Amino acid sequence: MTQGSHMRDSLGGFLPGDEPIRLLAPDGTATDHPLVPQPVDPIDDADLLRAMYRDMVLARRVDTEATALQRTGELGLWSSCLGQEAAQIGSAHAMRATDFAFPTYRESAVAWARGVDPVGLLGLYRGTTHGGWDPVEHGFGLFTIVLGSQVLHAVGYAMGIQRDGSDDAVIAYYGDGAGSEGDVHEAMVFATVEAAPVVFFCQNNGWAISEPIERQTRVPFAQRAAGYGMPAVRIDGNDVLASLAVTRWALERVRTGSGPVFIEAITYRMGAHTTSDDPTRYRPAGELEHWAGLDPIDRMERYLRSTGAADDAWFAELEAQADALGERIRAHVRGAQDPDPIEMFDHVYAEPHADVQRDRTRWESMISGGAA
Amino acid sequence: MSDQVFALPDVGEGLTEAEIVRWRVAPGDTIAVNDPIVDIETAKAVVELPSPFAGIVAALLVDEGQIVEVGAPILSVSDQGESQSARTPVLIGYGVMEDRVHVEGHGDSSHSTRATPAISSPPAAAQPTDGRNAQRVLAKPPVRALARELGVDITRIAPTGPYGDVTREDIHRAATNPASELREWSLTPGVNDHSRNSDEPGERVAVRGVQRSMAAAMVASASSAVAVSVWKDVDVSGTIAAVARLREQTGLRVTALTIAALAVVQAVRRTPIVNATWHDTAEGAEIERHAGVQLGIAVAGPRGLVVPKIADADRLDVNGMAVALAHLTTKAREDRITPADSLGATITITNIGVFDVDGGTPVLPPGQAAILATGRIIDRPWAIEGGLAVRPVMQLSLTFDHRIVDGQQGATFLSDVASFLAAPGVPLA
C-alpha cells in the first residue's frame, strides 16, 4: 500500500505555502493526509518500520560517537546530523539500490542507510582518507564540503543517466544555507530545462551556521521551485514516514521524465554546525527544547510500541547493537593506520596516465630519500 | 593496572589552549567511556569533554580556572575495560604546532612513530646542501620541476607570485638571464646589485639613546594609559589668512603650528581635565590637574623624536608663542635639546603634517592625558551651505587617556581646537 495515481496527480499541484505534510505526529500517532496515504502498513510491513527506526538509532549512535571522538582528539572535526535522522533515513529508504545520492557533509545518516561503513566515513574527519568509500558501490557520492557544489554534480549525473536511457533517479541533498549559493540556482535551471531525473532534497534545519532562515529567505524555500517550474512539497522533516512517502512519490515522478521535484524537509540541527562552533552564542533560549519535543526517533518509538511492531526485547537488542557499533567505531578510529602517501596518486584519473605515473615515481623517490 | 592519561585535545581546528572551567569527576569516581569529565572553555566555545577511557579517576592533573596548553595531560584514569595503553590521540594540536611537522620516511608505518601526524617534509637530503636551506621557498610542484629541468636554483630566485611564490615565469627569466635571480626594484633598467648574498643575515643594532627613551616612553604609555583617539577635519582657511596677516604685522615666523598651539591653550581653558596627570599611589589613584600648560612639541631632531616643551604656554600671546616655537625648532634642528627641555610637559602637539600625512593615533607621552596630532593642510572638496567648494583642510587627531578624560570631554576639547583653527581670534562659543 504505497502511493497511488491519486497521490501522484494531486501532490504535483500541492501548494508549497501549505502546512508541511506530516504522517506521524510527535506523540507517535499516525495521522492521515488528504494527499498522501501512509506509506507503510504497521502490520503487513512492520519490517520496514523497524528497519527505518533501527537505522535512525544507529545513525545517531555513529553521530554521538563521532562527536565524542572529536572531543577526545581523535577526529579533527565532526558535522553532526543530530535531529535530522528522519529526513535522511526516510528519503534514503525511498531510493533503489541503483539510484544515486549526492550529499553535503552532514548526510551521515544517509551514508549509513546506503551501506557506508562509518569507520571509513570517519577517516575523512581524521584525515586518513580523502574519501572513505566507493561512491559507485554505494550509489552515494563523497561528502562535499563546498556548499552547494554537489547539487551541480547531482544534476550533471542525472542528465548523464537520462542520456543513457536509465530509469534510475538522483537525490541532491543540501541545506537551507547552501540554497543561497549560486551553484544551487544553476543546478535548478539545468535540471528543470532538461527535465533531469533529480529530486532536490532541502533539509531546512533552521540555521546556516549562525544565520537563521529569516536571513536566507523571505518565503518558504519550497516556493522558490515555482520559479524554476517544478513541483515542490514541504514535509515535516522529523517524520520518517512523510519523508519516505513523499520521496518515493518524487523519485517515481522524476523517473518518468516529468522533470525534477523539490522537497523541503523542515527539521532542526540539534547539535552545533560543526564541533568548532558554539550554538549557544546565537540560538534563542528554548528553541532546542522545543525541537527536542519533536524528536524524530522518540515519535517513531512510540509508534512502534503502540502498533505492536516492536517490543521491549527488540528495543533492548537494538540498544546492544548500538553499543557494539560504538565500541567498534572507537576501536577502529583510534587504531586507524595513516595511509601510504603514495595512495594519493591512485585516484587522480580513472585510467593510467603518463604524467601521473611520472609524478608518482618522483614522489616515491623523494620520500624514500632520493634526489628531489 | 596502569594509569592512562588524557591529554587536552584541540577541539576547534587550530586552538592552542583552553581553560578548565569545571571538573565533572573527582578522584575515585568510576567512569565509563564517553562519560562527561570536564567542561573547558576555548577561544571559540565552552565544550564538554567525554572520557576516552573506562576506569577509576586517579587524579585531576590541573585545577579549575587554569589555562592549559593543548596536548598537556589533564586527567589520569586507572586502567579498566577499554584500554588505550599510553597512547596519545593523534590529532591533538594538529592544526597549529610547527614542531609537529616532522620528517617521516616513506614506508615507516610502525605504530610507535605515528603519534604525530604524517605531514612529510622532504628529507634533509632533498634540501640544497650549500647552507642556504634555512629559507623556505614557495613554489608549485610543476614549477619546482621546471627549475630542475632548466638547472635553476630555485632558492636564489626572487619570487613574483601573488603569494610570494616563485612562478614559472620567474624560472624562465632566471634561466635566460641569471642576473635577474636577485630581487630588483628599479623600474628603469640599470645595473643589478650582485654584492649581497640572499642568506646574509640582517643587521642588528643595539637600541640606545633617543630611540631607547622613545621606546621606553611608548611602552610605559601603552601599558598604563587607556588610549582613545578621535578625529576631526577642519577648514583652515581662517588659519592660513591669520598666519599671513600675523607675519605681515609682526615680522615673526608665525605658522599654522603657532595657531594650533594657541588653539590648544584656549581649548584647555574650557576643558582643563585634558591637562592632567594620573598618579597611582599607595592610597589609591589620584588625578593631578596642572595649574599651567607646559606644552610639549614633538619635533624630529637629527637623532630621532624629541618632545621639548614650551613652559607656561598659557601665559604667552601670539608673539610669545611664535618666538618660543621658532626657538624650540631651531634648537631641535641643531640637536641642542636638553633633558630639562623635555621634562614636565603636561600636554603635547605633534605636527605629523610635516611628514605629509593626514592623521594617526599618536601615543600618549607618559604622564600626560592628551596629545594632539596636526595633519598636513591639503585642498579638499568641502561642502559649504549646500554647495561644494575647495578648501584647505587639516585633520586633527586627538589621543586621550580614558582613565582621566571621558569621551565628551575629549570631543569638546578637539572641537574647540578645531573651532579656533577655523576662526582664530574668535572667542570660543
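In what follows, the structure referred to is the one given above.
Residues numbered from 1 in each chain as written. Chains lettered and ligands numbered in written order. Predicted model: local features only at pLDDT ≥ 70, side-chain atom pairs only at ≥ 80, totals over all residues. Heavy atoms only, no water.

(A) Molecular detail of the sheet that holds strand 4 (residues 36–41) of chain B. All names here are of chain B. Taken in spatial order, the four strands of this open sheet run 5-4-2-7, and their pairing is antiparallel. Two strands lie at the open edges of the sheet, namely strand 5 (46–50) and strand 7 (67–69), each paired on one side alone. The mean inter-strand angle of the sheet, taken between neighbouring strand axes irrespective of direction, is 40 degrees. Two strands pair when backbone bridges link them, and strand 2 (residues 17–23) and strand 4 are joined in this way by four bridges, in the antiparallel orientation. By the bridge assignment for strand 4, Arg22 is matched with Asp39. (Pairing = 2+ DSSP bridges. Helix = DSSP H or I, 4+ residues; strand = E, 2+ residues; numbered from the N terminus. Axes fitted to C-alpha atoms, helices over the stretch in contact; angles between N-to-C directions.)

(B) Geometry of the packing of helix 5 (residues 256–270) of chain B against helix 6 (residues 318–333) of chain B. Residues and elements named next belong to chain B. Two numbers describe how helix 5 lies on helix 6: the axes approach to 9 Å, and their chain directions differ by 120 degrees. As far as their axial angle goes, helix 6 and helix 5 are oblique. Where helix 5 crosses over helix 6, the handedness of that crossing is right-handed. Contact residues: helix 5 offers Leu257, Thr258, Ala261, Leu262 and Val265, while helix 6 offers Val318, Met321, Ala322 and Leu325. When the residues that make up the contact of helix 5 with helix 6 are grouped by side-chain class, the tally is eight nonpolar, one polar and no charged. (Parallel < 35°, antiparallel > 145°, perpendicular 65-115°, else oblique. Left-handed = near helix turned anticlockwise from the far one by under 90°. Contact = heavy atoms within 4.5 Å. Nonpolar A, V, L, I, M, F, W, Y, C, P; charged D, E, K, R; others polar.)

(C) How the structure looks around the sheet that holds strand 3 (residues 198–204) of chain A. Residues and elements named next belong to chain A. A sheet is described by the order of its strands in space; here five strands give the open sequence 1-2-3-7-6, paired in parallel fashion. Strands with a single pairing partner mark the edges of an open sheet, and in this sheet they are strand 1 (100–102) and strand 6 (232–236). Each strand axis lies, on average, 20 degrees off the axis of its neighbour in the sheet, ignoring direction. Relative to strand 7 (residues 261–266), strand 6 runs parallel, the two sharing five bridges. Note on strand 7: the bridge partner recorded for Arg234 is Glu264. Lying over the sheet, helix 8 (residues 182–194) contacts strand 2 (170–175), strand 3 and strand 7, oriented at roughly 150 degrees with respect to strand 3.

(D) The arrangement of the pairing of strand 7 of chain A in detail. All names here are of chain A. With six of its six residues buried, strand 7 lies for the most part within the structure. Side chains Val261, Ile263 and Ala265 of strand 7 all project onto a buried face; the interleaved residues Phe262, Glu264 and Ile266 project onto the opposite face, where all are buried too. Bridge count for strand 3 against strand 7 is six bridges, and the pairing is parallel. Paired with Cys202 across the two strands is Glu264, which belongs to strand 7. In terms of handedness, the path from strand 6 via helix 10 (residues 240–255) over to strand 7 forms a crossover that is right-handed. (Buried < 20%, exposed > 50% of the residue type's maximum accessible area, 1.4 Å probe, protein only. Right-handed = clockwise from strand over helix to strand, strands pointing away.)

(E) Just unusual backbone geometry, in detail. Of note, the phi angle at A:Ile209 is positive, near 50 degrees, even though the residue is not glycine. Relative to the elements of secondary structure, A:Ile209 occurs in the loop between strand 4 (207–208) and strand 5 (211–212). The class of A:Ile209 is partly exposed, set by a relative accessible area of 41%. Despite not being glycine, B:Glu385 has its phi angle at roughly 50 degrees, a positive value. You can see B:Glu385 is positioned in the loop between strand 16 (370–384) and strand 17 (387–401). Using a relative accessible area of 84% as the deciding quantity, one classes B:Glu385 as exposed.

(F) Geometry of helix 7 (residues 149–164) of chain A. All names here are of chain A. For helix 7, with 16 residues, the first-to-last C-alpha span of 23 Å sits near the 22 Å given by 1.5 Å per residue. Residues of helix 7 that are buried: Ser149, Gln150, Val151, Ala154, Val155, Ala158, Met159 and Ile161. Looking at the packing, one finds that the buried side of helix 7 touches strand 1, strand 2, helix 8 and strand 3. Phi turns positive, to about 80 degrees, at Gly165, one or two residues after helix 7. (Expected span 1.5 Å × (residues − 1).)

(G) Molecular detail of the side chain of A:Asp278. Counting through the fold element by element, A:Asp278 comes out in the loop between strand 7 and helix 11 (287–292). Take A:Asp278: its relative accessible area is 11%, and that puts it in the buried class. At a separation of 2.6 Å, a polar atom in the side chain of A:Asp278 contacts the side chain of A:Thr280. Filtering out sequence-adjacent residues up to four positions away, A:Asp278 remains in contact with B:Lys44, B:Ala45 and B:Val46. (Polar contact = N/O pair within 3.5 Å; in protein donor to acceptor, adjacent residues only side chain to side chain.)

Note that every value here comes from positions in space, so none of it alone points to a role or purpose.
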